[in-house]
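Chain by chain, the residues:
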Amino acid sequence: MSNYVINHLKELESEAIFVIREIAAQFENPVLLFSGGKDSILLTHLAKKAFFPAKIPFPLVHIDTGHNFPETIAFRDQLVEKLGVKLIVGSVQESIDKGRAKEETGADASRNSLQIVSLLDAIEEYKVDAAMGGARRDEEKARAKERFFSHRDEFGQWDPKNQRPELWNLFNGRKNYGEHFRVFPISNWTEMDVWEYIKLENIDLPSLYFSHQRDCVVRDGVILANSEFIKLKENEEVVNMTIRYRTCGDMPITGAVESEADNLDKIIEEIATTRTTERGGRADDKRAETAMEDRKKQGYF
Amino acid sequence: MDYQDIELLRFTTAGSVDDGKSTLIGRLLYDSKSIFQDQLDAVEESSKSKGFDYVDLSLLTDGLKSEREQGITIDVAYRYFATPKRKFIIADTPGHIQYTRNMVTGASTANLAIILIDARKGMLEQTHRHAFIASLLRIPHAIVCINKMDLVDYSEETYNTIVSDFKSFSSKLGIKDIQFIPISALNGDNVVNRSENMDWYQGSTLMYHLETVHISSDHNLVDCRFPIQSVIRPHTLENQDYRGFAGRIDGGVFKPGDKVKSLPSGFVSTIKTIELNGEQISEAFAPMSVTMTLEDEIDNSRGDMIVRENNVPEISQDLEVLVTWMSTKPIQARTKVVIKHTTNESIGMVKELKYKIDINTLHRIEGIDRLEMNDIARMSIRTAKPVFYDAYKKNRQTGSIIIIDEQTNETIGAGMII
Ligand SMILES: Nc1nc2c(ncn2[C@@H]2O[C@H](COP(=O)(O)OP(=O)(O)OP(=O)(O)O)[C@@H](O)[C@H]2O)c(=O)[nH]1
Ligand SMILES: [Mg+2]
C-alpha cells in the first residue's frame, strides 16, 4: 500500500488546485490578482491546470502602480495573450488623478499603500466577490496568520483577531452583500517549494529573477534599481552590479540580491544557503514592526 | 535525499495558555536553523525593547500586534521547515479557552499533535480539552512534552507524575500512538539537541520523533469517494463534447476502466480517463486533484459523488454528529442552519441535543437545552437533501461537516459524523 503516497510538491499542487476550483464554484465574480511576480505566475499556472482543457474561467486583475519593471508588464501581456484570459488593469495613476489617492512625497516615497485604493476601487467596480492572490504564509508573520478563505467586510478590511474558523477542507465562502473574500491557494508553499515546482513544471518567468547586470543604488543596505522613479539622495551614487530579484514589487521599493545565479538550479542552490527572508529587501515591510498587518487590515493584498 | 521526494508531515501544538507552545516552535525553528537572520534580528530587537533579559522565541510565531502586546497567541500561525528527512507544516495554536475554535482550525488538518504541559502546573482543564479535541479529530499521533523542566530542577519525579496523570486520562481517549518527552522549550533541552540536565531520560528528542514517526498514508485507500467540485465544459471547437468532472479524491483508488456509480442519480458508467492538464493518470487516490471523464453522458454536477458500484457510502438525511461549538451565540434544538459536507451544501435543522461532555471527567451530561461556545456535544441533524457520508472514523473528509449560521454566514460548528 505504501506506493499510494504523493510527494509534498504534488500534495501542495493538489491542495492549491482544490482551492482554486472551490473559488470558481463558490463565487460569482472571482478574479486572480496578478502582480507579475513569481507567486502570481505560479498561481496562474495552477489555475490553468485546474480547468484544462477549458480556459481559466476568471479574469486576471493587475493593480498597476505605474512604477513597475517594464519586464513585468511585457511578461504579463504575453501570458494573457497565450492563455486567452481577460486582463483588468487598475491604475494607481488614475486613482491619483481622480483625487482618490494622494502621492507620498520625499526621497522614500512609494506607491505601495496607494495600491489599496485602486484595488478596492477595482473590486467595487467589477463587483468582485473573491480576489485570489499568491500570498504565502511563510513570507511574513502577519501572513502566517491568514486563512485560505479570508473574509473582508464591506470596507475591504481584515479583522485578524476575529477570523472565521476554517476546518478540514470545508471552505465557507458565504457572505453578506458588499463583503468579499481574499483567497490564497498557495498559502502552504514556501519559497523553496515555489522554485522547486517552477523547475519541475518548467514555468516561464520574467528575466528579472535571473542574474543580470543593472545600474543600482544602495540605500539603507537595500539594493534598488536606478530608475526614473528614484530620487538620488546626497552621497548616493549609481553602481553597476550583478544582481537578481527574489520577489518583484515596485521598482523603487524592491530590493535585489547580488547573485550570479542565472538558472533555476543555481537559484535553488542559492536559496538553500541564504540567511535572509525574501521580503528582507522590501522597504515597504521595514516601515514598522507590524507594517504588513497594518496594510492588510486596510485591504492590502 | 532529493528535496522533491520527501514526505510532508502536518503537525499542531496543543495545551493550556502559557505552557510554552509558541516558544517551543520558535526553539524548533531556531535549533534546526530554519530562522533567517533578519527574522532573528527583529525578534532580538523587540525582546530588548520589551525589557526581557532573554530572546523571546514565541515572537517568531506570535505575529499579530495584539499577540505581541499581550504575550499570548490568539490565532493559528502556520510555520514551515524542512530537514533532509521531511518537510513540516506547523500550526501553532492558542491555548486560551476563548480561542479554542482557532485551535480546532489548526488541528483539523494535522496528523500529529504536540501536547504541552507546564511541569509546574501539571494537567489543566485546557490540557484535557485540547487532548480530547485531538482525539475527536482523530489525529493519529501525539507527543506529550512536559515543558519548563528547568523550573522544576529537571525532576524525574515531577515528570513521572504528570506522565501517569496523562495516561490515566488518555486511556479513555483512544489516541493510538502517544510519546512523552521532558523538555525545556526556553533552553532547548530535548528539542533538537539532547539535554545535559536530564540523564535519567533515555528516550529520543522531539525532532527525532518528528522525523521518524511512521506516517504511512493516513488516507483511506479502500472506499472510493470522488465528490465533484465542478464540471469542465470547454465550449471550444476541438473539445466540443468534452465533459470532465473536476474534484479531489477523498478515498480509495480509481483507475480508467473502473465501473463507477454516480450519486444521487444512481447511474452506472465506466471511467474513460483520469487526467490533469491533459496528462493521463493511471491510478488516482487521496489527496489528488484530478479531472475524470466517463464513457456515458451522465448529468453530474457539483455536490454529486462518484463511487464504486459495489461500495457506496451511507445515504441519509439524518446525521448523528459530535460537534465542537464555536459561536458566542448559543444554539438550541429546532434551529435552522446550513450544512456543508464535501462539495455539497444543504439547509438543515438541529433536531436534538443529546448530551454534552464534561471535559474533565469525560462524563456525559444529558438533558441539556442549549450549547454554549466551546461545548463538545452530540446532536442529531436533519438535512433538506440526502448526504453521502462515511463515519468520520472511516474517512476524515467524507465524515466531516461544518455548520453555518444562516443569518450571519459564520461557521459556528465543526461536526464529526458518527
Ligand atoms: N523557564 C521557562 N520558561 C518557558 C519555557 N517555555 C516557555 N516559557 C515561558 O512561558 C511563557 C509563555 O510561553 P508561550 O510560548 O508564549 O506560551 P504558549 O503556550 O504559546 O501560550 P498561548 O499560545 O498564549 O497559549 C513565556 O514567558 C515563555 O518565555 C521553558 O521551557 N522554561
Ligand atoms: Mg502561543
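Starting from 1, residues in each chain are numbered consecutively following that chain's sequence as written. Going through the entries in the order they are written, you letter the chains from A and number the ligands from 1. Confidence filtering applies because this is a predicted model: local features only for residues at pLDDT of at least 70, side-chain atom pairs given and counted only at 80 or more, and all residues used for totals across whole chains, interfaces and linings. Each side-chain value is worked out from all heavy atoms of the structure, with water and hydrogens disregarded.

Undergrad: How should the sheet that holds strand β2 (residues 60-64) of chain A be read in this particular structure?
TA: The strands that make up a sheet pair up through hydrogen bonds in the backbone, lying either parallel or antiparallel. Residues and elements named next belong to chain A. Pairing between strands requires that DSSP locate at least two bridges from one strand to the other. Secondary structure elements are defined from DSSP: runs of H or I of at least 4 residues count as helices, runs of E of at least 2 residues count as strands, and each element is numbered from the N terminus. Pairing is mixed in the open sheet, where 6 strands are placed in the order β3-β2-β1-β4-β6-β5. The open sheet has two edge strands with one neighbour each: β3 (87-91) and β5 (149-152). On average, each strand axis in the sheet is inclined to that of its neighbour by 30°, with strand direction left out of account. Inspection of the sheet shows strand β4 (residues 130-132) paired to strand β6 (residues 180-183) by 3 bridges, in the parallel sense. Bridge assignment links M132 to a residue of β6, and that residue is V183. Note on contacts: a residue pair qualifies if any of its non-hydrogen atoms lie within 4.5 Å across the two residues. All axes here are fitted lines through C-alpha atoms, helices being fitted over the stretch that makes contact, and every angle between N-to-C directions spans 0 to 180 degrees. Along the sheet, helix α5 (residues 115-125) makes contact with β1 (30-33), β2, β3 and β6, crossing β6 at roughly 120°.

Undergrad: Just to check I follow, could you spell out the site of ligand 1 for this structure?
TA: Residue and element names in this part refer to chain B. K21, T23, T73, G95 and D150 are the nearest of the 22 residues found near ligand 1. Under the rule applied, a polar contact is a pair of N or O atoms within 3.5 Å (in protein, one hydrogen donor and one hydrogen acceptor; residues adjacent in sequence only if both atoms are side-chain atoms). Take S22: an N or O atom from its main chain is 2.8 Å from an oxygen atom of ligand 1. Here A185 contributes a backbone N or O atom positioned 2.9 Å from an oxygen atom of ligand 1. Summarising the interface, the protein chains cover 90% of the accessible area of ligand 1, which totals 650 Å² for the free molecule. The element best represented in the shell around ligand 1 is helix α1 (residues 21-31), accounting for 3 residues. Of the residues assigned to the shell around ligand 1, the class counts are 7 nonpolar, 10 polar and 5 charged. Here a residue is near a molecule or strand as soon as one of its heavy atoms is found within 4 Å of it. Throughout, the Shrake-Rupley method with a 1.4 Å probe supplies accessible areas, and for residues the shown protein chains are the sole cover considered. When residue character is reported, Ala, Val, Leu, Ile, Met, Phe, Trp, Tyr, Cys and Pro are called nonpolar, Asp, Glu, Lys and Arg charged, and the others, Gly included, polar.

Undergrad: Would you mind showing me how to read the environment of G413 of chain B here?
TA: For G413 of chain B, the location among the structural elements is in strand β22 (residues 411-417). Taking C-alpha positions, G413 of chain B is 9.9 Å from D375 of chain B, a pair spaced 38 residues apart along the chain.

Undergrad: When you look at the domain arrangement of chain A in this model, what are you seeing that I'm missing?
TA: Frequently, the measure chosen for interface size is the accessible area that the parts lose on association. All names here are of chain A. Domain annotation for chain A reports domain 1 (8-193 + 289-298) and domain 2 (205-285). An automatic or database domain assignment provides the domain bounds reported here. The C-alpha centroid of domain 2 is placed 23 Å from the C-alpha centroid of domain 1. Counting residues at the interface gives 28 residues for domain 1 and 28 residues for domain 2. When the two sides are added together, the surface that domain 1 and domain 2 hide from each other amounts to roughly 2,400 Å², 56% of it contributed by carbon and sulfur. As used here, buried area is the combined drop in accessible area, with a 1.4 Å probe, of two parts when they are placed together.

Undergrad: Would you mind showing me how to read the interface of chain A and chain B here?
TA: On the chain B side, the residues contacting the 64 residues of chain A number 83 residues. At the boundary of chain A with chain B, total buried surface from both sides reaches about 6,800 Å², with 54% on carbon and sulfur atoms. The largest per-residue losses of area from chain A upon contact with chain B belong to Y4, K145 and W168 of chain A, which jointly make up 14% of the total buried on that side. Each reported salt bridge corresponds to a side-chain nitrogen of Lys or Arg within 4 Å of a carboxyl oxygen of Asp or Glu. Inspection of the chain A/chain B interface yields 8 salt bridges. For K87 of chain B, the salt bridge goes to D193 of chain A, with nearest N and O atoms at 2.4 Å. On the surface where chain A and chain B come into contact, there are 33 residue pairs in polar contact (both at pLDDT 80 or more). Mapped by element, the contributors of at least two residues to the side of chain A that touches chain B are α1 (8-26), α2 (38-51), α6 (191-201) and α8 (291-298) of chain A.

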